[in-house]
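The chain contents come next:
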Amino acid sequence: MTEAPNPAHMTQDPIAGLEGVVAATTSLSDVDGQNGILILRGKKIEDLAGLVSFEEAVMHLWQDLDVAKVSSMVAAFGQARLAAFEVVPLLEAAPPTLSVYERMQLGLAALPLSEALPAPIAISGALPVFLAASHRIAHGKEPIAPDETLGCAKDLLRMLTGEVPPKTHADALNRYLVTILDHGLNASTFTARVIGSTQADMRQAILGAMGALSGPLHGGAPGPVLDMIDAIGAPENAEDWITATLARKERLMGFGHRIYRTRDPRADVLKSGLRQLGQENPKVKLAEDIEREALAALKKAKPDRTLDTNVEFYTAVLLDAIGIDRSLFTPLFATGRTPGWCGHVLEQQQNGKLIRPASQYVGPMPE
Ligand code: ACO
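Every one of the 21 residues lining the ligand counts as a neighbour, but R251, L252, G254, F255 and K302 are closest to it. Note that an oxygen atom of the ligand is positioned 2.9 Å from one of the side-chain N or O atoms of N310. For the ligand, whose free accessible area comes to 920 Å², the fraction covered by protein is 75%. Tallied by class, residues from the shell around the ligand come to eleven nonpolar, five polar and five charged.

Here it is in structure tokens:
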């Protein structure tokens, strides 16, 4: 009997970065890169962020998935935070060399999962606790126990500082967490789906997604955005600094996107959040000046490619404005994206097939 041809041997040149390849169907989110539109399960991001809490947005995102059958996501996430706090002694005992992000991954690996709470809720609810505790441990401070009655954003800020945050700060963090909840098949979500497609457990999928998110071309950018703003220091330095950076063939953090060929709509949603903070913040003005210079310089340097502002630019400015340390930007991104990752894993496991693409062999052949 003749064997069916191995598709790997029929493969043409691989598609660099899988750009434009459709690898999943999803009802969770859609990114229209030409028109700068992000839809989360039928709603534009502008109609969610700043208008609903993180918990309400998660309920909205998960509405057709089994996990959403809880009557209150605030209560369910509160319960998950309490359960996660049991793991905190292990984080305190971990080597001091671990970063906040690595300590969060450790907590996640050790998080007991049970029938009592669906894994997506247990995991999504746990990350704020691990984030806040890990930050405090890194600064020699006692971790603070969660208050399960509060919303996630407010309790996260309280667990970080020990003080109930101003409403404006909790609102800004809610806006941020909703803005980054889900975003199509980006690198970390694809990673989560690949791991989920093997029927591995949800925790493994989220650990893998966190790994993918951590790189500077993905969720690792906002800390460097703030470093860039600080390094420029004043509007009159922006042009020279940016020109020199591009001449060195370095990238400007917070600009460019694989999908958007226009402005990332999340940038403006976060910029509106800065306005709602209502404070005179010199860094916001500086950021706007830098953005203007950067866009002009990128247009000149890459006339054939639209390089516009992405979500990370105003993420950095907004989180800084509410007093969040830059070392926590990527950990917070993972915290807000986790329910999105979980939704994709559930979809993949319910409808999908093992993801196993082919490679083109370019090594030596046997004699
Ligand atoms: N600054 C300077 N040049 C850039 C930038 C940038 N921010 N972004 C892209 N380019 C240039 C590249 O150097 C490349 O030029 P070349 O063709 O002469 O080599 C060209 O534009 C195309 O870049 P690619 O890397 O092929 O585009 P891709 O779609 O793969 O990259 C990415 C998207 C990774 C986001 C890129 O724009 C980038 O590195 N931006 C800076 C990092 C950043 O802001 N990351 C956060 C992204 S948002 C998120 O993931 C949540």
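On to the packing of aromatic side chains, then. Taken as a whole and assessed by the stated rule, the structure comprises four aromatic pairs. Considering the side-chain rings of W62 and F77, the 6.5 Å spacing of their centres and the 85° angle between planes classify their relative orientation as edge-to-face. In this pair, W62 sits in the loop between α2 (54-61) and α3 (73-85) while F77 sits in helix α3, placing the two residues 15 residues apart along the sequence. Judged by relative accessible area, F77 falls into the buried class, the value being 1%. Ring geometry for F313 versus Y314: centroids 5.0 Å apart, planes at 85°, classification edge-to-face. Pair check on accessibility: F313 and Y314 agree, each one buried. A network of ring pairs unites the aromatic residues F54, W62 and F77 as a single cluster.

It is at 10 Å that the axes of helix α5 (residues 100-110) and helix α10 (residues 202-213) come closest, and there the two elements cross at 170°. Judged by the inter-axis angle, α5 sits roughly antiparallel to α10. Contacts between α5 and α10 involve Y101, M104, Q105, L108, A109 and A110 on the former and, on the latter, R203, I206, L207, M210, G211 and L213. Taken together, the residues of the contact of α5 with α10 break down into nine nonpolar, two polar and one charged.

For the structure on display, the rule yields 20 salt bridges. Of the charged contacts in the structure, one is a salt bridge between E19 and R261, with a shortest N-O distance of 3.7 Å. One end of the pair, E19, is in the loop between α1 (7-10) and β1 (29-32); the other, R261, is in the loop between α12 (235-247) and α13 (265-277), with 242 residues separating them in the sequence. Taking relative accessible area as the criterion, E19 reaches 38% and is therefore assigned partly exposed. Note on R261: relative accessible area 23%, which makes it partly exposed. The partner of K283 in a salt bridge is D230, with the nearest N and O atoms 3.4 Å apart. Placement of the pair is K283 in helix α14 (residues 282-301) and D230 in helix α11 (residues 222-232), with a sequence separation of 53 residues.

Moving on to the sheet that holds strand β3 (residues 43-44). The three strands are arranged β1-β2-β3 in an open sheet whose pairing can be described as antiparallel. Looking at the sheet topology across the chains shown, the edges are occupied by β1 and β3. Bridge count between strand β2 (residues 37-40) and β3: two bridges; the pairing is antiparallel. By the bridge assignment, L40 is partnered in β3 with K43.

Here we come to the nonpolar core. The biggest cluster of nonpolar side chains holds 105 residues, and the ones touching the most others in it are W62, L173 and Y176. Taken domain by domain, this core gets at least three of its residues from each of domain 1 (29-214 + 328-351) and domain 2 (222-321). Look past the residues within four positions of Y176 in its chain and what remains in contact with it is L270, T315, L318, L319, F329, L332 and F333.

All right, on to α3 then. Every α-helix winds through 3.6 residues per turn, so residues three or four apart in the chain are directed the same way. Here α3 contains 13 residues, and its C-alpha end-to-end distance of 18 Å stays within 8% of the 18 Å for a straight helix at 1.5 Å per residue. Packing partners of the buried residues in α3 comprise α2, α4 (88-93), α6 (119-138) and α7 (152-161). You can read the cap of α3 off the contacts: a side-chain oxygen lies 3.4 Å from the backbone nitrogen of V74, and it is on S72.

Basis of the calculations
Residues numbered from 1 in each chain as written. Predicted model: local features only at pLDDT ≥ 70, side-chain atom pairs only at ≥ 80, totals over all residues. Heavy atoms only, no water. Near = heavy atom within 4 Å. Polar contact = N/O pair within 3.5 Å; in protein donor to acceptor, adjacent residues only side chain to side chain. Areas by Shrake-Rupley, 256 points an atom, 1.4 Å probe, with all protein chains shown as cover. Nonpolar A, V, L, I, M, F, W, Y, C, P; charged D, E, K, R; others polar. Phe/Tyr/Trp six-rings, centres within 6.5 Å; stacked < 30°, edge-to-face > 60°. Helix = DSSP H or I, 4+ residues; strand = E, 2+ residues; numbered from the N terminus. Buried < 20%, exposed > 50% of the residue type's maximum accessible area, 1.4 Å probe, protein only. Axes fitted to C-alpha atoms, helices over the stretch in contact; angles between N-to-C directions. Parallel < 35°, antiparallel > 145°, perpendicular 65-115°, else oblique. Contact = heavy atoms within 4.5 Å. Salt bridge = Lys/Arg side-chain N within 4 Å of Asp/Glu carboxyl O. Pairing = 2+ DSSP bridges. Core = buried A, V, L, I, M, F, W, Y, C linked by side-chain atoms within 4.5 Å. Domains from an automatic or database assignment. Expected span 1.5 Å × (residues − 1).

None of this, on its own, says anything about what the molecule does.
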